[in-house]
Each structure stands twice: as C-alpha cells, then as structure tokens.
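Architecture and fold: a report
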Amino acid sequence: MQVEILTRQMEKKTAVLTLLSNEPGLHASGETITVPGLILHIAENYLLFNITSVKWIEHIVPLLFSIVPAGGTGQFYEPFTDMKIIVTARCFDPVKLLPSLHEVSHLDLDHSELLGTRFAEWRSRDVTIVARAELAVQGNVITARIKFSSHFRDSQYNCRACIDQVSLLDLLEPLCPEFTRPVPERQIYGPVIQAQQRVTPEGWAEFINLRPAPINYHRETDEFRIDFNESGYISFTPKPDRREIMCRVELTDPGALNSGMLGHLHNLLNVETLTVSHNAENIVLTPEKLIHGLSFFKTSDYHLFTLKTSDFDAVYNIKNLRLTLNREFKISENGIDLNVLSGIYDSMKRFMEKVIAYAGAGN
C-alpha cells in the first residue's frame, strides 16, 4: 500500500514538522524528512507525502485541512484543502467491490477490470466534507485518485468537528484489506489514590521534615518528591510566584497510608479529599454486555452508561471506549477508615477484572 499526498499549503509545514518532531526514528536529510511509514519531501512551493502506514494517513489528512471565512461575512466559515491524493493498494475481488461503489463506468470480470467512483461524506451541523475517489482496478490492485470538497457554511467549531471526522478508512476500508482499523490496545490505569492541593511553604516544609519516606529533589522539574517505592509518591512543585506550592498525592497502594499520614495530610497540607480511581481506555463493550452482563444503566447523555455501587461510581463512554471508576473520601479530624479504603480499592480491581473478561468475550 502506498499513498501519495500533494499540497501547496506551505503554511501547514510548521504543523506537520511539529507532529513528526517527537517521533522515534526520525531522520532529516536536506529537504526530506523520514519516519517509519512516512517520507515527506519539502519543496519551495509544495509538500509531498509518501505514506505506507494507515496510522500516518489518519494523522496527516485532517491536518491538511484549514478553516477559512466564507463570503467575507465574518460569521460563517468553511473547511478548505487543496490536497490531492493517489492511493495504490491491494484490493478485494472486483465483484466484492460493486456494492460499495456509487458509480461504475467499466466492468470486465474476465480480466478483473473495473472503473468506478466511491464517495464518503462527513457532516457537522450544516457543514459537510465530501471525498470523491475515482477508482481503477486491474487484477487485485486498485489505484484511487481522491479529492475533497466542502459544502455549506457554519461556525468554526462545527467546521473543526467536521474535519476531525475525515478518515480515508471510511472511504477505502470496504475496498482494500490494508485499510482496516487497528484493534485498539487496552490501557489500564490504577487503581490509584490521588489528591491535589495548594499548600503553604510552612506546611509543606514541616511535612518534609517529618520524612514519611525517602525524599528526592529533581532539579530539571524543580520538584521535591517523597517516594514510596512502587507504592507511589507525594510531590511538591512551586507556583510561579513561589508563594504557594502545589502538592500532588499519587499512591498505588493503600498500605502506604496510615492514620498518622492522614493526619499530616489534613493538618499540615489541608488535604480534605482523597479520590480513588481506576480507568481503562480502549475497552470495547456492547450495550448488551453493559446492561445485561454488568448491570449498567443508559443515561440521557447519548454515549454514557453508568453504574452506582456501594463502593464506587462507574461511567462508560461507548464512543471513546473509556471506563472510569471513582470514589471520593473526605478526610476529617479523625481521618478515614483505612479498612474501608482498602476494601473499595480491592473492589475496584475485582470489577475491572470482570469488565476485561466481558470485553474479551465474544459478541
């Protein structure tokens, strides 16, 4: 699979180079920038991309759109791009392509030849972006010439929302086996006990002097950190005026807390609330699994499902595949019941294991 993208929008050069700058394996030679899966040729008046990675295609195509005023009114805008795209890739048998085409101008099944057109459309309120792909198939190789056009006008916000939807996968996935959406990689965070609080210099200095765990100073970030080995940390960084210091608690083991520590957090640092959270990203759950298997309820919010238990609240976003478990604890003069905290911590872990088992099961 090879995708060539040409644009004369030289104002996009900075944004593109910024996107590529942090990539491992980046190599620059003259006017050519190379990263795995992408080669960028920078000429005096055009940018030419040679891409062999679906990931980079999905990043670059929306980036090459701009939002421009429409008609000089100052109130309406429209998406704009001059990019021209040529795709060469393996494709499915021509017969299988037919249901996905909007126009067919030539078909010769004996020689596996096909000429046709496919459209894809993305919309946000009144603004629309349309991709037109003129296709030529010979054997099991497809060549597609793709151009974009925009229709109607709307606010900058809705133009951006429309641009963010643009994806060559939508256009080419039914035609080419290489244009498939990668299976999202699961990311699990936590459970973690967190707090954030602005503290006075006197309070944090006294807390440091108590030395609840080994203390380190990181010069590059100007940060003091109390490290609890693999159980997390409590960090302190100054505000710009140095009159206040930001304290951040990040503990991955409730065993790092005791009644004395809670008292110091409350009395010296004025930390009043601890939050226990457990998050997961790219967890694919169907509505049936959520409601029937995991006892979630559908909310009035279009994408959200929720579950309230005696230990925590759970929210799942079926659009961005994100699950959040959350519970807050108020710290009083008498601290909090550490056994309850540990129990909820363990309850979250068990529930997340159950969710992952459901997500891994068949439909």
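The structure reproduced in this document is the subject of the present report. No experiment lies behind these values; they were computed from the predicted model shown.

Pairing of side chains with opposite charge becomes possible as their charged atoms draw close. Under the counting rule described, the total for this entry stands at eight salt bridges. For E23, the salt bridge goes to K55, with nearest N and O atoms at 3.9 Å. In this pair, E23 is assigned in the loop between α1 (13-21) and β2 (27-29) and K55 in helix α2 (residues 54-63), connecting sequence segments 32 residues apart. Notably, a salt bridge pairs R225 with E223, separated by 3.5 Å at the nearest N-O pair. A relative accessible area of 22% means that R225 is categorised as partly exposed. Counted as one network, the salt bridges with shared partners bring together R132, E134 and R145.

A few words now on helix α4 (residues 156-163). For α4, the complete set of buried residues consists of N158, C159, C162 and I163. For α4, the buried positions fall inside an angular range of 140° around the axis, keeping them on one side. In the core, the buried residues of α4 are packed alongside α2, β6 (66-69), β7 (77-80), β10 (113-124) and β11 (127-138).

It is worth spelling out the environment of C247 at this point. Mapped onto the elements of the fold, C247 is located in strand β17 (residues 245-251). Excluding residues within four positions of it along the chain, C247 makes contact with A195, Q196, Q197, V199, I234, S235, F236 and L269.

Judged by nonpolar contacts, the single largest core of 51 residues is most densely connected at I5, F49, V61, I85, I146, F148 and F179. Ranked by residues supplied to this core, first place goes to β11 with six residues. The next biggest cluster of nonpolar side chains, apart from the first, holds 49 residues, and it includes W204, A213, V276 and L285.

What counts, and where the lines are drawn
- Residues numbered from 1 in each chain as written.
- Predicted model: local features only at pLDDT ≥ 70, side-chain atom pairs only at ≥ 80, totals over all residues.
- Heavy atoms only, no water.
- Salt bridge = Lys/Arg side-chain N within 4 Å of Asp/Glu carboxyl O.
- Helix = DSSP H or I, 4+ residues; strand = E, 2+ residues; numbered from the N terminus.
- Buried < 20%, exposed > 50% of the residue type's maximum accessible area, 1.4 Å probe, protein only.
- Arc of directions from axis to C-beta.
- Contact = heavy atoms within 4.5 Å.
- Core = buried A, V, L, I, M, F, W, Y, C linked by side-chain atoms within 4.5 Å.

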